[in-house]
Amino acid sequence: MVKAGIIGATGYAGAELARLLLGHKEVEIKWYGSRSYIDEKYAKVYGNMFQLVEDTCLDDNIKELAKQVDVIFTATPQGFLAGVLTEEILQDTKVVDLSADYRLKDVAVYEKWYQIPHKSPQFLAEAVYGLCEVNREKVKKARLVANPGCYTTCSILTAWPLVKEGLIDLNTLIIDAKSGTSGAGRGAKLPNLFCEVNENMKAYGVSTHRHTPEIEEQLGYALGAQATINFTPHLVPMNRGILVTEYASLREIRQADGSMALPSYKQVKEAYDKYYKDEYFIRVLEKGACPETKWVEGSNFVDIGFQIDERTGRVILMGAIDNLVKGAAGQAVQNMNLMFGLPEQEGLRLVPLFP
């Protein structure tokens, strides 16, 4: 039985971690850490946990708490883990960090986009970017996993096979992304109040959103060269879900007769099948079908569809995830399963909720 602890257990991602781990037959949650609700019963913070969790919230003293568990999930603001992580902690326990502290390998890039100093850059080289479908073998050996962001998970997985196979010009990639309000966290913020969000839709972080360099870095690895993309997120009036629509110019490839031509639908589909046909959590939809956030809600699935626009020579890629599951807690559990040699789907065989 894997003993787990959650720091930041009273945020949305932390609460989703608790929900998933309570249903995991190989995991025991030893403690719930929360700086905001120390000594309060967890079920008082989240009424859905009434008679399911009797624990009270502890503080976030990771050094002491690490001695009690095999793995710690840190669902905390940027900068928290980087400010407290030590070699001693990593010798006591493994860590899956849901913040961005160890996602970017370049300290200068992190500090530019997050506007805070990085306090433990010595762990950046070791940290594994926890996109399971891409870095599975590295995750299995890791003691520190940087759980990817929600926008990035959806954006990267939707485009990865086409970048890897050289079917698109990555520098023409434009990502239009839309997220439910839970992606902004549980803290009280004026832009996220009901009257601000309801019956409204708005772009934000235009050309400055901090997930941009994360997407560029990871897709750059697939390309084997530095990448520059456009990424624009939008806030939509729903609780959960991310939908990305991505546009890119197709690149000519050599055909069977030796001529050069743009890829066909069949060739693009073959690229997706090459990388994802054995991936349980990635569902490449049938021709003509478009992903919908409702079809993945409450699950760890990624739904992907695409359409070739022959008139413009571009391909339109679409992806949908639940931002709190595959975009946060579900992916964290998937990483934990790999780190401890457990079946990758354990605790995550979740049928999407509908309606």
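Residues numbered from 1 in each chain as written. Predicted model: local features only at pLDDT ≥ 70, side-chain atom pairs only at ≥ 80, totals over all residues. Heavy atoms only, no water.

Undergrad: Is there a simple way to explain the pattern of salt bridges in this structure?
TA: One side chain can pair with another of opposite charge once the charged atoms of both are near each other. By the definition in use, this model includes 23 salt bridges. Between Glu279 and Arg136 there is a salt bridge whose closest N-O contact spans 2.7 Å. Of this pair, Glu279 sits in the loop between helix 11 (265–276) and strand 13 (282–284) while Arg136 is found in helix 7 (residues 132–140), placing the two residues 143 residues apart along the sequence. We note a salt bridge from Glu165 to Lys274, for which the minimum N-O separation is 2.9 Å. One end of the pair, Glu165, is in the loop between helix 8 (150–164) and strand 7 (174–179); the other, Lys274, is in helix 11, and 109 residues separate them in sequence. Judged by its relative accessible area of 55%, Lys274 is exposed. It is possible to trace a salt-bridge network through shared partners that takes in Glu16, Arg19, Arg240 and Asp322. (Salt bridge = Lys/Arg side-chain N within 4 Å of Asp/Glu carboxyl O. Helix = DSSP H or I, 4+ residues; strand = E, 2+ residues; numbered from the N terminus. Buried < 20%, exposed > 50% of the residue type's maximum accessible area, 1.4 Å probe, protein only.)

Undergrad: Help me understand the nonpolar core, please; the structure alone is not making it clear to me.
TA: Among the nonpolar cores identified, the biggest contains 45 residues, and Leu17, Leu21, Tyr42, Phe73, Val96, Leu98 and Met336 are the most heavily contacted of them. Those elements that place two or more of their residues in this core are strand 1 (2–7), helix 1 (12–22), strand 2 (27–33), helix 2 (42–45), strand 3 (71–74), helix 7 and helix 12 (325–339). Sort the elements by how many residues they give to this core and helix 12 lands first, with 8 residues. Counting residues in each nonpolar core, the second largest holds 40 residues, with Ile168, Leu173, Ile175 and Ile253 among its members. (Core = buried A, V, L, I, M, F, W, Y, C linked by side-chain atoms within 4.5 Å.)

Undergrad: How should the packing of aromatic side chains be read in this particular structure?
TA: One pair of aromatic rings is described through two measures. These are the centre distance and the angle between the planes. Inspection of every chain in the model, using the stated rule, returns 11 aromatic pairs. Ring geometry for Tyr272 and Tyr276: centres 6.2 Å apart, planes at 35 degrees, overall tilted. Taken as a pair, Tyr272 and Tyr276 lie in helix 11 at a separation of 4 residues, close to a single helical turn. Between Trp295 and Phe354, the aromatic rings sit 4.9 Å apart at their centres with planes inclined by 25 degrees, giving stacked as the arrangement. Within this pair, whereas Trp295 is found in the loop between strand 13 and strand 14 (302–309), its partner Phe354 is found in the segment after helix 12, the two being separated by 59 residues in sequence. Residue Phe354 is classed as exposed on the basis of its relative accessible area of 54%. Ring pairing ties together the aromatic residues Tyr265, Tyr272, Tyr276 and Phe306, which thus form one cluster. Above the face of the Phe340 ring, Lys94 is positioned so that its terminal group lies 4.7 Å from the ring centre. Cation over ring: Arg283 sits above Phe301, and NZ or CZ is 4.3 Å from the ring centre. (Phe/Tyr/Trp six-rings, centres within 6.5 Å; stacked < 30°, edge-to-face > 60°. Lys NZ or Arg CZ within 6 Å of the ring centre and 35° of its normal.)

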